[in-house]
Amino acid sequence: MAIPPKFLIQTAQFVWKTMWQTMMSQLAPSDRQGNFQRVESEFRGTIGSETFPAAKNRYRLYVGLTCPWAHRTMVTRVLKGLEDCVEMSVAIADVSVGGWRLENDPTGCGSMKELYQLGQSGYSGRCSVPALWDCETQSIVNNESSEIIVMLNEQFNEWAKYSDRDLYPESLREEGDRLNDLIYRTVNNGVYRCGFATSQVAYDQAVTELFETLDFLDKRLGDRRYLLGKTLTLCDVRLFTTLIRFDLVYHGLFKCDRHRIRDYANLWGYLRDIYQQPGIKATCPLDTIKQEYYSSLFPLNPSGIIPLGIDSADLMQPHQRQDLATTL
Ligand SMILES: N[C@@H](CCC(=O)N[C@@H](CS)C(=O)NCC(=O)O)C(=O)O
């Protein structure tokens, strides 16, 4: 006796959707309307405080190559020339353990979960990257990228190769912070709000806001080289790490598909401009980014198939944005 296909389809849909909702609630918690709710970072210590004085080789940065938030800290570390002052451990996204794995780490930890628990016994919160680790007190100083990059910019100048380079100048802070709020909500976190939405309404709102901001930023970058004028700031670092993943991952996997960054006249040149600056390309292993996203976010890509994407040659095309440097 053949099973009626309708029954088969309905059962598969029910089982599949239930499994998907269960996995999504672990991976990306959402509210009752299906909007992705990002969990607040828990460790908010400051370098330069009594507990965590600035020092050479005392702190270690834990990153993951896929992660745009961790990437902000990697780019800032390179732009300030802090490679010999703040060491870095690269965690690997491991879908089989459902988290970040560490290999041959000096702490002896085999995962970010073990590291967080070494820092605070009994810790049961999220074990995210980036995390700034204090090797002396064996504890996490801070795991919020927007704060770590400010500390990297100003607290290690005594040992920084490019100590004169101020990525968060006082005179541009007010305008930069305002822009950061918009970019965080609609672009940095906006792509996640699209990809992790669990209802059509939540996705529609996130995707509309995302492209409204990208259109606005594209226009803004028509007469200035960087977001705040002629100097590159943390504002650019924060936008860059989302843009570099956009055509590669977010456009397909997160359904951010109205346009690609390549379709924008100014954003595309701006992205290439930053990518081509000394040391930056090496922080962007495109194949790893693509592979880790498409395989570790299993509920969004159950087949595990990894698409073709863009490659480094596209990003190395000339951009001529240096000519805009004089206009503002
Ligand atoms: N607010 C954090 C977000 C960091 C974050 O979400 N990192 C992700 C990787 S892209 C992570 O490690 N997630 C693991 C988890 O939350 O358990 C920051 O900006 O530093």
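Residues numbered from 1 in each chain as written. Predicted model: local features only at pLDDT ≥ 70, side-chain atom pairs only at ≥ 80, totals over all residues. Heavy atoms only, no water.

Caption draft 1: Just a nonpolar patch on the surface, in detail. Taken together, the side chains of Ile 3, Phe 7 and Leu 8 make up a nonpolar region of the molecular surface, amounting to roughly 330 Å² of accessible area. Tracing the backbone shows Ile 3 in the segment before helix H1 (5-27). Taking relative accessible area as the criterion, Ile 3 reaches 53% and is therefore assigned exposed. (Patch = residues over 30% accessible without salt bridge, like charges linked within 9 Å, V, L, I, M, F, W, Y side chains within 5 Å. Areas by Shrake-Rupley, 256 points an atom, 1.4 Å probe, with all protein chains shown as cover. Salt bridge = Lys/Arg side-chain N within 4 Å of Asp/Glu carboxyl O. Helix = DSSP H or I, 4+ residues; strand = E, 2+ residues; numbered from the N terminus. Buried < 20%, exposed > 50% of the residue type's maximum accessible area, 1.4 Å probe, protein only.)

Caption draft 2: Region of the structure containing the nonpolar core. Formed by 97 residues in total, the largest nonpolar core has its most connected members in Met 112, Leu 214 and Phe 254. Each of domain 1 (59-154) and domain 2 (170-326) accounts for three or more of the residues forming this core. Discounting residues that sit within four places of it in the chain, Leu 214 has contacts with Val 187, Leu 243, Phe 246, Ile 261, Tyr 264 and Leu 267. (Core = buried A, V, L, I, M, F, W, Y, C linked by side-chain atoms within 4.5 Å. Domains from an automatic or database assignment. Contact = heavy atoms within 4.5 Å.)

Caption draft 3: Highlighting empty space enclosed by the protein. Overall, the coordinates contain one cavity of 30 Å³ or more when judged by the stated rule. In this structure, the largest cavity occupies an estimated 60 Å³ of space. Surrounding the largest cavity, Leu 167, Tyr 168, Pro 169, Leu 172, Arg 173, Gly 176, Asn 180, Leu 228, Thr 233, Leu 234 and Cys 235 form its lining. Taken together, the elements giving at least two residues each to the lining of the largest cavity come down to helix H5 (173-188) and helix H8 (234-253). In terms of residues, the lining of the largest cavity owes the most to one element, H5, which gives three residues. (1 Å grid on protein atoms, 1.4 Å probe; cavity = no way out; pocket = protein on both sides within 12 Å on 5 of 7 lines; lining within 4 Å. Points joined across faces, edges and corners; volume = space filled by probe spheres on them.)

Caption draft 4: Highlighting the sheet that holds strand S2 (residues 87-94). With mixed pairing, the five strands of this open sheet are ordered in space as S3-S2-S1-S4-S5. Because the sheet does not close on itself, it has two edges, and the strands there are strand S3 (99-101) and strand S5 (139-142). Sheet twist, expressed as the mean angle between neighbouring strand axes with direction ignored, is 40°. Both S2 and S3 contribute to a ladder of three bridges, which runs antiparallel. Within the sheet, the bridge partner assigned to Ile 92 lies in S3 and is Arg 101. Most of the contacts of helix H3 (residues 112-119) go to strand S4 (residues 131-134), to which it runs at about 45°, and overall it touches strand S1 (59-64), S2, S3, S4 and S5. (Pairing = 2+ DSSP bridges. Axes fitted to C-alpha atoms, helices over the stretch in contact; angles between N-to-C directions.)

By themselves, these figures tell us nothing about what the structure is for.
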